[in-house]
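# A structural walkthrough
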Amino acid sequence: MDLPVQSSSFSGLVDLASQRVGGKVLLASDEFFAPKENLIKPGRGIFIPDKFTDRGKWMDGWETRRKRTAGHDWCIVKLGAPGAIRGVDIDTNHFLGNNPSRASVEALAATRGEQASSLARSARWQLIVPESPVGPGCQNVFSVSDAGRWTHLRLNIFPDGGVARFRAYGIILPDWDRINRGNPIDLAAVTNGGVVVASSDMFFGSRENLILPGRAANMGEGWETKRRRGPGHDWAVVRLGRPGRIQKIEVDTHHFKGNYPDACSLDACRVAHEPVDEAAWQNMAWTEVVGKTKLRASARHVFPIARRAEPPATHIRLNIYPDGGVSRLRVFGTLID
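Note that the structure is predicted; figures quoted are calculated from it, not measured.

Our next topic: the overall build of the protein. Along the protein, the regular secondary structure elements total one helix and 22 strands. Rg of the C-alpha trace for the protein: 22 Å, near the compact-globule value of 20 Å for 337 residues, within the 12% margin. Structurally, the protein occupies a C-alpha span of about 70 × 45 × 35 Å along its principal axes. The long-range share in the protein, meaning contacts at least 24 apart out of those at least 6 apart in sequence, stands at 80%. When the accessible surface of the protein is totalled, it reaches about 15,600 Å², and 50% of it is carbon and sulfur. Once the 45 positive and 36 negative side-chain charges of the protein are each reduced to a mean point, those two points are 4 Å apart.

Put simply, Phe158 and Pro159 share a cis peptide bond, and its omega is -10°. Turning to its location among the elements, Pro159 is positioned in the loop between strand E10 (150-158) and strand E11 (162-163). Cis rather than trans, the peptide bond between Tyr321 and Pro322 has omega equal to -15°. The topology assignment puts Pro322 in the loop between strand E20 (312-321) and strand E21 (325-326).

All chains considered together, the criterion is met by four aromatic pairs. Centre to centre, the rings of Phe10 and Tyr169 are 5.5 Å apart; their planes meet at 20°, and the pair counts as stacked. One end of the pair, Phe10, is in the segment before strand E1 (14-15); the other, Tyr169, is in strand E12 (residues 165-172), with 159 residues separating them in the sequence. Taking the centre distance of 6.3 Å and the plane angle of 40° together, the rings of Trp281 and Trp286 count as tilted. Here the guanidinium or amino end of Arg55 rests over the ring plane of Phe32, the centre of that ring lying 4.3 Å away. Residue placement shows Lys292 over the ring face of Tyr321; its charged tip is 4.3 Å from the ring centre.

With that settled, consider the environment of Gly135. Mapping Gly135 onto the fold places it in the loop between strand E8 (126-133) and strand E9 (139-143). Judged by its relative accessible area of 18%, Gly135 falls in the buried class. Between the C-alpha atom of Gly135 and that of Ala70, which follows or precedes it by 65 residues, the distance is 22 Å. Apart from residues lying up to four places away in sequence, Gly135 is in contact with Thr92, Asn99 and Asn140.

Let's shift gears to the nonpolar core. Note that soluble globular proteins tend to have their nonpolar side chains buried in a common cluster. Ile85, Ile249, Leu266, Leu318 and Leu329 are the most contacted members of the largest nonpolar core, which totals 63 residues. When residues of this core are assigned to their parent elements, the largest contribution, seven residues, is made by strand E6 (residues 73-91). Sequence-distant contacts of Leu318, defined by excluding residues within four places in its chain, comprise Leu210, Trp223, Asp234, Trp235, Ala236, Val251, Cys264, Ser265, Leu266, Val326 and Leu329.

Turning our eyes to something else, we now look at the confidence of the model for the protein. Chain-level statistics for the protein give a pLDDT mean of 93 and a share of 96% at 70 or above. With pLDDT under 50 throughout, residues 1-6 is counted as low confidence; its partners more than four residues away or in other chains account for 19 contacts.

Tallying each qualifying case throughout the model produces 23 salt bridges. Between Glu31 and Lys36 there is a salt bridge, and its shortest N-O distance comes to 3.1 Å. What makes Glu31 partly exposed here is its relative accessible area of 31%. Overall, Lys36 belongs to the buried group, its relative accessible area being 10%. Between Arg44 and Asp91 there is a salt bridge; the shortest N-O distance is 2.7 Å. Of the two residues, Arg44 sits in the loop between strand E2 (24-28) and strand E3 (52-53) while Asp91 sits in strand E6, which places them 47 residues apart along the sequence. A relative accessible area of 34% means that Arg44 is categorised as partly exposed. Each member of the salt-bridge network shares a partner with another, and the members are Arg20, Glu221 and Arg328.

Next up on the list: the environment of Thr151. Mapped onto the secondary structure, Thr151 falls in strand E10. The class for Thr151 is buried, based on a relative accessible area of 15%. Remark: the alpha-carbon pair of Thr151 and Gly162, spanning 11 residues in sequence, is separated by 24 Å. Once residues within four sequence positions are removed from consideration, Thr151 is found in contact with Val77, Lys78, Leu79, Pro82, Leu108, Ala109 and Ala110. For Thr151, the side chain forms a polar contact with the side chain of His152, separated by 2.7 Å.

Secondary-structure assignment places Cys269 in strand E17 (residues 263-269). Along the sequence, Cys269 and Arg317 sit 48 residues apart, while their C-alpha atoms lie 8.4 Å from each other. Residues contacting Cys269, with those up to four places away along its chain left out, are Ala285, Trp286, Ala313, Thr314 and His315.

On to the side chain of Asp201. Counting through the fold element by element, Asp201 comes out in the loop between strand E14 (195-199) and strand E15 (223-224). One polar contact links Asp201 to Lys226, side chain to side chain, over a distance of 2.6 Å. Once residues lying within four places of it in the same chain are set aside, the contact partners of Asp201 are Trp223, Glu224, Thr225, Lys226 and Asp234.

The rules behind the values
Residues numbered from 1 in each chain as written. Predicted model: local features only at pLDDT ≥ 70, side-chain atom pairs only at ≥ 80, totals over all residues. Heavy atoms only, no water. Helix = DSSP H or I, 4+ residues; strand = E, 2+ residues; numbered from the N terminus. Rg over C-alpha atoms; globule rule 2.2 N^0.38 Å. Contact = heavy atoms within 4.5 Å. Areas by Shrake-Rupley, 256 points an atom, 1.4 Å probe, with all protein chains shown as cover. Lys, Arg positive; Asp, Glu negative; His and termini not counted. Charge placed at Lys NZ, Arg CZ, Asp CG, Glu CD. Phe/Tyr/Trp six-rings, centres within 6.5 Å; stacked < 30°, edge-to-face > 60°. Lys NZ or Arg CZ within 6 Å of the ring centre and 35° of its normal. Buried < 20%, exposed > 50% of the residue type's maximum accessible area, 1.4 Å probe, protein only. Core = buried A, V, L, I, M, F, W, Y, C linked by side-chain atoms within 4.5 Å. pLDDT = per-residue confidence, 0-100. Salt bridge = Lys/Arg side-chain N within 4 Å of Asp/Glu carboxyl O. Polar contact = N/O pair within 3.5 Å; in protein donor to acceptor, adjacent residues only side chain to side chain.

What follows is the structure, encoded as C-alpha cells:
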C-alpha cells in the first residue's frame, strides 16, 4: 500500500496535471458547490470568509454536494503530457468540515482521439493510489510505485466533499516516434521532457518556470534571483528532453522591466551522468554557444547558433549577469540518436 509522504520527496519532478503544463479537467460526477477546473490551478487555494454564491459558500477548489445515494464522486484529469507518475497530492486546504473522508487515484492511457465521455465508462483504469484516509485542511501526499505511461488520471473521493488542488508529480515521457527528427523542436520544453536540474538561486521565482509552455502571464511566472551583492553571476542548467543539435536559442525577459539581467550567455555540454552536487555543474566541460550579450527589458532575444558552435548537447546552461529575472528559455534543435 502506498503511504502518505512529504511533498518535498517529489522535488525536481513535474506536476503533469498542472494547468500551466496543459493539464485539463474533463469530467466530474458533480461540481455543485465549486467547479472542477479549480483542481489544477496554481497555488493551494484561498479562503474568503464572507464570499458566497447562490449555491452556498464560495470555495477555491472542487466541491460536490452532500451525497444522498450510493456511490462516490470522481473527477477525470487529462495530463498536460503523457508520463510516469511518482506521487500525488490531494490538497484539502480550507476544506475543514467538508473534506472527503477517503480518496483513491486511478490512471489510464487513452488512445489517440478517444472521446472524454467514453473514458468514464472504460474498464482500462488501473489503481495507482488505493483508497486511503484524507485529512482536512492539509496536503495528503502519496507515493506511487507504478511504472506505467499514462495520459489521464481519475481522482475518486469517498463519498463526497471538497478538494482544493490535485497534483500529479512525475516524469514526462513524450512519444518520440511521432516527431520528425529532421524538424527543429524545443528540446528544453517541459512538454518534451526538459527539466531544470540546477540553479544558483531562485529566491523570487522558480527555475521550473523557464521551460513552461507559452509566454508568462506575469512576472511571477518566470525565474528570478535575489539581488546579488557579491562577485559572480547567476545561472540555471536545463537537461534537454533528448540529446540534440542546437540551432536557435530564445531568451525571453517578458514582464521583467526593472529587474531583467544586464546580459546573458549560454553554454552547452553532453554528459552521461549528472552531478549530485548542484555546485559541481560549474566545473563541467561546457562549450560556449552564445557569448555574453546585452539584454533588454521585457523582450524576446533570439540567438541563431552557428554550425561551428553546434555540439550535440544533453544540457544547456543559461548564465545571467549579474542577477535578475527571465521568463522563458527555448532551445530549438534536431534530435540525435
